[in-house]
Amino acid sequence: MSTTASKDRRDFLANLALAVTVIPGLGVLASQILRYLVPYEPPKTSEVLLTRLSQLPIHSSKPFKDVLGNELIAIRLGEEDVRVFSSICTHLGCRVEWRQTEKDFFCPCHLGRFDTSGQVVSGPPPAPLPSYEVRLEGDNVFVTVPEKEA
Ligand code: FES
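Residues numbered from 1 in each chain as written. Predicted model: local features only at pLDDT ≥ 70, side-chain atom pairs only at ≥ 80, totals over all residues. Heavy atoms only, no water.

### Observations regarding the overall build of the protein
Using the following cut-off: Each helix corresponds to a stretch of at least 4 residues labelled H or I by DSSP, and each strand to a stretch of at least 2 residues labelled E; elements are numbered beginning at the N terminus. Radius of gyration: C-alpha atoms only; globule rule: 2.2 Å multiplied by the number of residues to the exponent 0.38. With a 1.4 Å probe rolled over the protein chains alone, any residue whose accessible area is under 20% of its type maximum counts as buried; one over 50% counts as exposed, and the rest are partly exposed. Here, two residues are considered to be in contact whenever any of their heavy atoms come within 4.5 Å of each other. Areas reported as accessible are Shrake-Rupley estimates using a 1.4 Å probe. Residue values count occlusion only from the protein chains shown. Residues counted as positive are Lys and Arg, residues counted as negative are Asp and Glu, and His and the chain ends are not counted. To locate a charge, take NZ of a lysine, CZ of an arginine, CG of an aspartate or CD of a glutamate.
When its secondary structure is counted, the protein shows one helix and ten strands. Starting at the N terminus and ending at the C terminus, the protein contains elements arranged as α-β-β-β-β-β-β-β-β-β-β. Computed over its C-alpha atoms, the radius of gyration of the protein comes to 27 Å, more than 25% above the 15 Å expected for a compact globule of 150 residues. A burial count over the protein gives 26% of its 150 residues as buried. Long-range pairs, those at least 24 residues apart, make up 43% of the contacts in the protein between residues at least 6 apart in sequence. When the accessible surface of the protein is totalled, it reaches about 10,000 Å², and 59% of it is carbon and sulfur. If you average the places of the 16 positive and of the 18 negative side-chain charges in the protein, the two averages end up 7 Å apart.

Laid out in C-alpha cells, this is it:
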C-alpha cells in the first residue's frame, strides 16, 4: 500500500516537473511563432507642416517643437535643400544648436559635434542625430516625424 502511495507521489512529482518545464517552453515557442506570423509594424509617423520656406533663409537654422511634441532643428543649406533633425543630442539628451560659421550642430553639454547630415564628427555622442524626411510644396515645408506614445 505504501509503495503504491509512494509511486503515485513520484508520478505526481514527475508530471509536475514536466509541466513546469514544458509549459513555459511552449509559451516561448508560441510567442516566437506569433512574431514570425504577425508582420512587423514600423513606428507610426505623421507628416506635419513645419514652417514656410520664406521664413527659413538659406544658411539659416531654426529650432521647432512640432505639433506632436518632437524637438526638431531645421537647416536650409540651399534653395531647396532643407534638412530636419531631432535637436536632442544622442549622448545624454541636451539640445544641440546650429553653428553657421563652423557649419555643424554643437552640443554644449559635452562638446559633441554633428555634421550637416547629422553624423557624429567628434565628442561622446554614440549615434547620429535622427533625421526626418522633408517635403517642399510651394512655400510649405512638411516633415514626416514619429508619433509620440500616448
Ligand atoms: S549630451 Fe550632447 S555631448 Fe553629451
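### Description of the side chain of Arg76
Considering the arrangement of structural elements, one finds Arg76 in strand β3 (residues 71-78). Relative accessible area serves as the criterion here: at 7%, Arg76 is assigned to the buried category. Apart from residues no more than four positions distant in its own chain, Arg76 is found in contact with Leu53, Leu56, Pro57, Ile58, His59, Ser60, Asp81 and Val82.

### A short note on the domain arrangement of the protein
The condition is simple: An automatic or database domain assignment provides the domain bounds reported here.
By domain assignment, the protein separates into domain 1 (1-41) and domain 2 (45-146). The distance between the C-alpha centroids of domain 1 and domain 2 comes to 53 Å.

### So, the sheet that holds strand β10 (residues 140-146)
For clarity, the threshold we go by: At least two DSSP bridges between two strands are required for those strands to pair. For helices, the fitted line uses only the C-alpha atoms of the stretch in contact; every axis is such a line through C-alpha atoms, and the angle between N-to-C directions lies from 0 to 180 degrees.
Ordered by their spatial adjacency, six strands build an open sheet running β1-β10-β9-β4-β3-β2, and the pairing between neighbours is antiparallel. Only two strands of the sheet have a single partner each, and these edge strands are β1 (45-52) and β2 (60-65). Ignoring strand direction, the axes of neighbouring strands in this sheet form an average angle of 30 degrees. Direction of pairing for strand β9 (residues 131-137) relative to β10: antiparallel, over a ladder of five bridges. Along β10, the bridge assignment pairs Glu133 with Thr144.

### Quick look at the state of the cysteines
Defined as follows: What counts as a disulfide here is a pair of cysteine sulfur atoms lying within 2.5 Å.
In this structure the tally under the stated criterion is one disulfide. Residue Cys94 pairs covalently with Cys109 via a disulfide, S to S 1.9 Å. What sets the handedness of the Cys94 and Cys109 disulfide is the S-S torsion sign, and at about -100 degrees it is left-handed. Note that Cys94 is positioned in the loop between β4 (81-86) and β5 (97-99) and Cys109 in the loop between β6 (104-107) and β7 (112-114), a separation of 15 residues in sequence.

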